[in-house]
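As a plain string of letters, each chain reads:
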Amino acid sequence: MTLYKHPSNPGPSQNPFPMQQVSQGYSMPGQLGYHNPVLAKAPMPPGPVLYNAVPPASPYQSAPGPHMPVRPPVGAPPPMQPGQTIPASQNSVPPPTASTNSYYPDAQNPSPSSWNYGVRPPMGMGTPPPGNHVTSSPSPVPNPPSQGFSAAPTLTPNTATTPGPPLPPSSYNSWTQPGSVPPMNAMSPQTPYQPGRPPYGPPPTAGPPPGMRPTPPPTGPHGTATPPPPMAPQNEGVRQTHTPTNSQALNSSEAGGRIITDPPSSQPGPVGRPIGHGYPSLPPGYQNMAQPPNVPPMHPTQPYSSGPAAYPQPPMGAAQLSPSMAAMSMQAQTPDSLRVVNLLQERNLLPPTPYQPPTPCLPQDLQRVNCSPDVFCSTLTSIPQTQALLNKAKLPLGLLLHPFKDLSQLPVVTSSTIVRCRSCRTYINPFVSFLDQRRWKCNLCYRVNDVPEEFMYNPVSRSYGEPHKRPEVQNATIEFIAPSEYMLRPPQPAVYLFVLDVSHNAMQTGYVDVVCQSLLENLNSLPGDTRTKIGFITFDSTIHFYNLQEGLSQPQMLIVSDIEDIFLPTPDSLLVNFNESKELVGDLLKSLPQMFSKTMETQSALGPALQAAFKLLSPTGGRVSVFQSQLPTMGVGALKSREDPNQRASAKEIQHLSPATDFYKKLALDCSGQQVAVDLFMLTSQYCDLASLGCISRYSAGTVYYYPSYHNEHNPAQTERFQKDLKRYLTRKIGFEAVMRIRCTKGLSIHTFHGNFFVRSTDLLSLPNVNPDAGFAVQMSIEENLVDMQVVSFQAALLYTSSKGERRIRVHTMCLPVVNSLSDIFAGADVQAITGLLASMAVDRSVTASLSDARDAMTNAVIDSLSSYRTSVLTIQQPGLLSPNCLRLFPLYILALLKQRAFRTGTSTRLDDRVFAMCQLKSQPLAYLMLMIHPALYRLDDLTDEGALNVNDRTIPQPRVLQLSVEKLSREGAFLMDAGSVIYLWVGKSCNPQFLTQVLGVPNYPALPQNLTQLPELDTAESTRTRAFVGWLREQRPFYPLLHVIKDESQLKANFMQNMVEDRTESALSYYEFLLHVQQQISK
Ligand SMILES: [Zn+2]
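Residues numbered from 1 in each chain as written. Predicted model: local features only at pLDDT ≥ 70, side-chain atom pairs only at ≥ 80, totals over all residues. Heavy atoms only, no water.

Bringing the packing of aromatic side chains into the picture now. Across all of its chains, the model carries 24 aromatic pairs by this definition. Arranged with centres 4.6 Å apart and planes meeting at 15 degrees, the rings of F627 and F681 form a pair that is stacked. Separated by 54 residues along the polypeptide, F627 in strand β19 (residues 622–628) and F681 in strand β20 (residues 676–684) bring together distant segments of the chain. Note on F627: relative accessible area 1%, which makes it buried. Seen in terms of ring centroids, Y707 and F722 are 5.0 Å apart; in terms of plane orientation they differ by 65 degrees. Their pairing is edge-to-face. Pair noted here: Y707 is in strand β21 (residues 704–708) and F722 is in helix α13 (residues 716–731), with a separation of 15 residues, a long-range link. For F722, a relative accessible area of 0% translates into the label buried. Among the aromatic residues, those joined into a ring-pair cluster are Y511, F627, F681, Y705, Y707, Y710, F722 and Y729. Cation over ring: R420 sits above Y427, and NZ or CZ is 4.2 Å from the ring centre. The residue whose ring lies beneath R623 is Y729, and the NZ or CZ to ring-centre distance is 4.0 Å. (Phe/Tyr/Trp six-rings, centres within 6.5 Å; stacked < 30°, edge-to-face > 60°. Helix = DSSP H or I, 4+ residues; strand = E, 2+ residues; numbered from the N terminus. Buried < 20%, exposed > 50% of the residue type's maximum accessible area, 1.4 Å probe, protein only. Lys NZ or Arg CZ within 6 Å of the ring centre and 35° of its normal.)

And the structure:
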């Protein structure tokens, strides 16, 4: 390793590296603000081209397509949302009584405790903005006071169309629709890191660089009489990837795809149909006709028939759903979900097997093609017809998404024409209706669109004239490989930058060895292609860069000690092509752990290191992985400890849940603008202010990982978890420069988002990176009555660049019935989705109001909904605490949340532990979230094969899920608790000796080791059975939950016992007491 040291900036003479141009910027393309050319849609040519219906939009709104004017036609005044004219006196909330601190708008009492409590400026609700679009303010404006970034953006009419300064943050993790937020000062669009120094200089050119010019849109044959596409080989246009849940397999499938270009128009159609043959007009009323029963179905290869009635109407689409059908299916399902349960009497309400979400009451043919609830679900699977009805139900309405989930089966379409609604840009989906073969009606805005000629050919069946059989219309989850019009510059390469804390503190933990070892093992599995770039930065009180340029005999280290004025010493050789410099990268990873092993430097300049990372990645975008072991002490972003351990248990209110500085949030927004996401790995033994540091990931769409008490030797369990997490992290699928837009049927409105992202415009989330383990939630309201609708639809479109450099769009569409009775709303309630959404909302409220406020609001959610059920749904009054069967777990889940690390009081909870739990509640997919909130408990010492599953010739025992109560435990048994990211196996003192010998491989209880994390592979039936069950649990999730075998004297026993949420603790009610409290409040 060659070492060159810079004692100060600009570099001293002993540095042989070209240090010129230091004062002239870093050959960065300037601060282009938040405009990303990739995201902007190419301008459209004039003429009646399919995609030309919407005028070129501002770059901020243009992806995945031009902004969707969801409801009002352009120019119409933005509709106000219910609950938006609420005075901002949210902080003074009365004690928990029904309907006071509720999340729901109350008709009689338009109180502050309604939905839009997100991060809102503490000022009166002013007039709504003139436009529904967020655009940037062209000139810098002063920073708002103290809570700079919690401000809403300046809202101006939709005029800005040029890449201007950064879009002011319209908010971030919790975001309220601009319509509800008064105009106010936005942040300064340029964030000068060094006062008095021009921030990076102007962009090199006025527009995008030459290589980033818009690709001319295809002058396709849309809408004109063109010949049908040629016969294509089977499945050429559509690939079904059948792989196990395995991100690598999915990655490799990306490479195999062949992009089908537009078929040459001169080739004949597959069925010899005359070119340009028009479709005959249809008889009136055709669109609602079901297929006449006596008409034989059209054979795929049958020549096109011109008889109007012969067109086989797809058995789906809103237009086909008759009211009677809807009513019938509605009633068929109500009994069990609405069965009255007296919670005080029925002791065990847990389903014996894992929870199944309710099935929406749709006709079978619609439900058959509906989106999987694992990917996209709603808190209410029956949507109320009006906001008034929703208010009356006192249940939250929102969507939960796991948009980039690893899927074992994902249809991928490579087509030159992606069919979308000309008006609202919705992607064609299973819930549109075909008026005839040539026209389809959008299920979101009801516009009638033409079916483009290319869409008439079905690459799956290789037949012509059956647009409704195309994969786009048969799959609610589908991925498109985007044609060139979805990009203005080549998709970015996969870029990975690793930033490592190498201060004394960090080196003591030994984590650098694990990171380097893990990287060496997994480097070749990093998603990417020949363009993949990689780089490394280490830091303590100075910043160390590594020249890894191909051709060097060894890596060169360059130290920049002037952390006040960070610059890149050799900008071109710090981020290198991975394939070309693989050896140097390997050399560096092998030597890094030793290089700093003797360091005595205790300071940490994390802020400057992050600035350096941002500068390095700004030209390309990419992923920054930061490893940090302590509170940053030097340079920008330095922090002081804010936690007083003595106050932990006694403090009435939890302080310091919000960041101490704006620095990390500002930098994250800059990163977001340059398509850079920052993942933060905290490996600490002491307080490190996650509330402040976490902002770097939250607003850049990164992830926070947290390993308290990390030490390679002293805490092997934590080390193993870190290793497993790293492996998953390094090898899982990744999407770059992504945006996600959620659309919904006219009349519904999205108003608050939860997750890690930046909100670019009203419904567009900016995600510099997207990963398969990220979840999102949105709150919704009903703006216009849905009286004429049988069903409504929701569509999430995620546009991203794959690690192989393909621009792809993953689209999920969900269809739900509309109902007009309270009982139907209750019947369709998804208690887990409701709990998940409330958890996110409560995190926001903890930060914007207070923890006790959030706790009250959660309790009131239970009180209000059960109260509404009792007074408005139940016809026969009876004593007890009554719940519909589908909500029977609601009080239990809320009690579990109240006892969760994020929200609990009374016990000593470290502030960082609490903040991390809050991060997880907001950014995890629902499935993982629920195990974290309410773990699953099983008895393991008496496993049998009764009722076992058979998976790939393996017998998987299915023990019953037990209540989380000590009364379910016994000293004679062994109990497994699945808490999502960790699995505990508690072994009782008098445990069945058979279990000890046959499963754990020890002769007796005292012989059981303290830190056992593996089940020995014994050749016994009991061992096989137990390992099969644990293995099966692990297979249910993409990461690897560690197993901890716990004895009575184990330290981890406290963690295990804290999850016994049904039991009373010093400071928290037992489940039964909680039920009594709820009942009291209801009967008040
Ligand atoms: Zn539409």
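Counted according to the given criterion, the structure contains 28 salt bridges. For the salt bridge of E967 with R347, the shortest nitrogen-to-oxygen distance reads 4.0 Å. Here R347 lies in the loop between β3 (340–342) and α3 (364–368) and E967 lies in the loop between β32 (954–956) and β33 (974–978), a separation of 620 residues in the sequence. Among the residues examined, R347 registers a relative accessible area of 41% and is labelled partly exposed. (Salt bridge = Lys/Arg side-chain N within 4 Å of Asp/Glu carboxyl O.)

With 212 residues, the main nonpolar core has I543, F794, F903, L921, L976, L985 and L1000 as its most contacted residues. Look past the residues within four positions of L985 in its chain and what remains in contact with it is L940, A974, F975, L976, F995, L1000, L1015, L1043, H1044, V1045 and I1046. Formed by 41 residues, the second largest nonpolar core is a distinct cluster that contains I534, I559, F578 and L683. (Core = buried A, V, L, I, M, F, W, Y, C linked by side-chain atoms within 4.5 Å. Contact = heavy atoms within 4.5 Å.)

Moving on, we get to the coordination of the zinc ion. For a metal with four donors in a tetrahedral arrangement, the ideal angle between donors is 109.5 degrees, while six donors in an octahedron ideally sit at 90 or 180 degrees. Donor atoms from the polypeptide that bind the zinc ion are C421 (SG), C424 (SG), C442 (SG) and C445 (SG), placed at 2.2 to 2.3 Å. Considering all 4 donor atoms around the zinc ion, the spread of angles at the metal, 100 to 115 degrees, places the coordination shape in the tetrahedral class. (Donors = N, O, S within 2.8 Å, 3.2 Å for Na, K, Ca; no water. Tetrahedral: all angles 85-135°; square planar, octahedral: opposite > 155°, others 65-115°.)

Time to look at helix α10 (residues 663–673). Within α10, 11 of the 11 residues are buried, leaving the element largely enclosed by the surrounding structure. When α10 is considered as a whole, its buried residues turn out to be F663, Y664, K665, K666, L667, A668, L669, D670, C671, S672 and G673. Of the residues one or two after α10, Q675 is the one with positive phi, at around 60 degrees.

In this section: the sheet that holds strand β8 (residues 433–436). One open sheet accounts for 3 strands, arranged β8-β9-β10; its pairing is antiparallel. With one partner strand each, in any of the chains shown, β8 and β10 (448–450) form the two edges of the open sheet. Each strand of the sheet is rotated relative to its neighbour by a mean of 35 degrees, with strand direction disregarded. Across 3 bridges, strand β9 (residues 439–441) lies against β10 in antiparallel orientation. By the bridge assignment, R439 is partnered in β10 with D450. (Pairing = 2+ DSSP bridges. Axes fitted to C-alpha atoms, helices over the stretch in contact; angles between N-to-C directions.)

Another aspect to go through is the pairing of strand β26 (residues 776–782). β26 sits mainly inside the fold: 7 of its 7 residues count as buried. Residues F776, V778, M780 and I782 line one face of β26 and the alternating positions A777, Q779 and S781 line the opposite face, and both faces are buried. The pairing of strand β6 (residues 398–401) with β26 spans 4 bridges and is classified as antiparallel. Bridge pairing in β26 links L400 to A777. Two elements, strand β23 (residues 748–754) and β26, share 6 bridges in a ladder whose sense is antiparallel. Looking at β26, one finds that S749 is bridged to S781.

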